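Coordinate analysis (summary)
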Amino acid sequence: MRPPLSKELWFGDESTDKLRFKQWNGKERSIFFEHEEFYAKSEELMTRENGGVAVVRGHKVVKIDANAKKAVLDSGQEIGFDKCLIATGGTPKNLPVLESADARLKQKVTLFRTVKDFQNLHLLTKKVKSITIVGGGFLGSELACALGKRAKDGLNVVQVFPEGGNMGRVLPEYLSNWTTEKVKTEGVNVIPHAQVIGATLTGDKVVLKLSNGQEIKSDHVVVAVGIEPRTDLAKASGFEVDSTFGGYLVNAELEARSNIWVAGDAACFYDVKLGRRRVEHHDHSVVSGRLAGENMTGAGKPYWHQSMFWSDLGPQVGYEAIGIVDSSLPTVGVFAKATDKDTPKAVVEATGESVRSETEQVAVPPKPLSADSKPRPPKEGENYGKGVVFYLKDKVIVGIVLWNVFNRMPIARKIIKEGEVYEDLNEVAKLFNLYGTE
């Protein structure tokens with residue numbers, strides 16, 4: 001799993017060698033889905049009585065011959081198949097000014113994505129005095145909060161991004177601004193409305209020149225500005241790449257060519273409810289991978305299940321979202337005062353599960369909403385403790401953010417699936433029972 005690399009792994013014990021982490025409830029688990037013993041040796045796979053899963057390491061597929069049903073490795077070896085799933089994920093984007101920098105400067109830049117990136121950065125935070133994070137989205141903001149915790153140990157953490165606030169492309173402006181203040185309280189020096197336009201190496205320091213005229217000196221720079229889907233196979237294999245969203249172009253059943261499917265970050269799929277999309281989140285990888293697997297066995301199911309994603313700014317503030325959540329869309333938010341039960345830590349303690357897409361499976365249903373529980377704007381001092389934000393397109397709800405509201409995702413999924421026009425969104429907000437515990 002990638003999510004713990006920017007969440008729980010930073011808040012646990014100092015030892016990260018085993019890549020185990022403590023969930024917000026203190027329960028320990030591994031980032032790996034299966035133990036090493038689960039996998040078969042590739043040379044024994046076809047002769048195993050009950051089949052199995054094998055991983056071939058040290059090689060990459062350079063071409064897929066759809067007609068001959070063969071995958072060609074970089075060694076020249078060919079692997080035949082009846083059905084093929086492409087799940088190549090994505091590659092972290094870099095900034096042009098850093099990509100063109102000399103080798104010495106590049107050694108002081110991390111494009112955060114992998115287990116190795118986490119391990120290297122975790123070790124660096126014990127050696128350096130200053131780190132600058134470029135990017136204000138999910139990953140950049142989670143890392144900023146995680147590293148900000150080390151400010152008390154003398155680490156200077158700076159976060160730079162062009163938007164007006166943290167997660168400004170996702171959250172409405174007022175909530176983005178509130179989030180920015182939250183990140184600042186975690187010990188982070190946040191610099192919004194700024195782009196990196198230059199980078200030089202002065203001694204052992206990276207000097208970043210910003211579009212607002214500022215210069216930042218740092219021992220190390222972390223770039224978290226999104227990914228590019230890995231579509232290296234497209235040209236050699238005759239697959240189509242979507243020119244708008246990137247990724248392999250697939251139909252609603254996630255099929256790119258006959259007997260070839262694509263899932264995860266690399267798939268640009270047709271959502272029968274929301275149109276053509278490409279999604280880069282953990283739950284989407286799980287949901288699309290499962291659907292592709294079913295379709296490879298003949299299910300013929302279209303993609304209609306709306307996957308969700310979540311982000312935690314530490315154990316006290318988190319949100320879950322579904323559908324198209326774009327701050328450029330009109331939004332309507334309804335908020336309430338939060339309680340001690342309305343935190344990421346509390347939901348993990350209640351369910352025993354830190355992967356938020358799984359917590360709804362073990363959640364306790366909310367209490368019935370009382371007749372006099374009416375949604376209202378937050379009162380002064382309530383600071384957007386918890387709430388629901390609706391994203392609208394042509395008056396139809398196409399996206400929902402649940403802010404410190406957990407295990408209500410089935411309700412949100414149902415609302416988007418129905419695609420109705422609602423005259424009063426306060427009435428819709430009642431479905432989420434914001435006041436059920438008050």
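In this report, we go over the structure that sits alongside the text. Small disclaimer: the values here were computed from a predicted structure and weren't measured.

Remarks on the sheet that holds strand β15 (residues 220-223)
Read from one edge of the open sheet, 5 strands run β8-β15-β9-β10-β11, paired in parallel fashion. A strand with exactly one partner marks an edge of an open sheet, and here the two such strands are β8 (109-111) and β11 (188-191). Strand-to-strand twist across the sheet, computed as the mean angle between neighbouring axes with direction ignored, equals 20°. Pairing of strand β9 (residues 130-134) with β15, which is carried by 4 bridges, proceeds in the parallel orientation. Residue Ile-131 lies in a different strand from β15, and its bridge partner there is His-220. Packing of helix α4 (residues 138-148) onto the sheet brings it into contact with β9, β10 (156-160), β11 and β15, and relative to β10 it is tilted by some 165°. Strands in contact with helix α5 (residues 173-185) are β10 and β11; relative to β11, the strand with the most contacts, it is inclined by about 145°.

Looking at unusual backbone geometry
You will see that Lys-69, though not glycine, has its phi angle at about 55°, which is positive. Positionally, Lys-69 belongs in the loop between β3 (61-65) and β4 (70-73). The phi angle at Asn-433 is positive, at roughly 55°, despite the residue not being glycine. As for its position among the elements, Asn-433 is in the segment after α11 (425-429).

Quick look at α4
Across the 11 residues of α4, 10 count as buried, placing the element largely inside the fold. Of the residues making up α4, those classed as buried are Leu-139, Gly-140, Ser-141, Glu-142, Leu-143, Ala-144, Cys-145, Ala-146, Leu-147 and Gly-148.

So, the packing of aromatic side chains
By the definition in use, this model includes 9 aromatic pairs. Seen in terms of ring centroids, Phe-138 and Phe-309 are 5.2 Å apart; in terms of plane orientation they differ by 75°. Their pairing is edge-to-face. Of this pair, Phe-138 sits in helix α4 while Phe-309 sits in strand β22 (residues 308-312), and the two are 171 residues apart along the sequence. Residue Phe-138 is classed as partly exposed on the basis of its relative accessible area of 23%. Both rings, one in Phe-390 and one in Phe-432, keep their centres 6.3 Å apart while their planes meet at 55°; by these two values the pair is tilted. On the criterion of sequence distance, the pair formed by Phe-390 in strand β25 (residues 386-393) and Phe-432 in the segment after α11 is long-range, its members being 42 residues apart. Counting every residue linked through ring pairs, the aromatic cluster contains Phe-138, Trp-178, Phe-309, Tyr-319 and Trp-403. Over the aromatic face of Trp-304 sits the side chain of Lys-417, whose NZ or CZ is 4.1 Å from the ring centroid.

Points about the sheet that holds strand β5 (residues 78-80)
With respect to topology, 3 strands assemble into an open sheet ordered β3-β4-β5, the strand pairing being antiparallel. Because the sheet does not close on itself, it has two edges, and the strands there are β3 and β5. Between one strand axis and the next, the sheet turns by 20° as a mean value, whatever way the strands run. Summarising the sheet, β3 and β4 pair through 4 bridges and their orientation is antiparallel. Across the sheet, Val-61 pairs through a bridge with Leu-73, a residue of β4.

Cut-offs and rules
Residues numbered from 1 in each chain as written. Predicted model: local features only at pLDDT ≥ 70, side-chain atom pairs only at ≥ 80, totals over all residues. Heavy atoms only, no water. Pairing = 2+ DSSP bridges. Helix = DSSP H or I, 4+ residues; strand = E, 2+ residues; numbered from the N terminus. Axes fitted to C-alpha atoms, helices over the stretch in contact; angles between N-to-C directions. Contact = heavy atoms within 4.5 Å. Buried < 20%, exposed > 50% of the residue type's maximum accessible area, 1.4 Å probe, protein only. Phe/Tyr/Trp six-rings, centres within 6.5 Å; stacked < 30°, edge-to-face > 60°. Lys NZ or Arg CZ within 6 Å of the ring centre and 35° of its normal.

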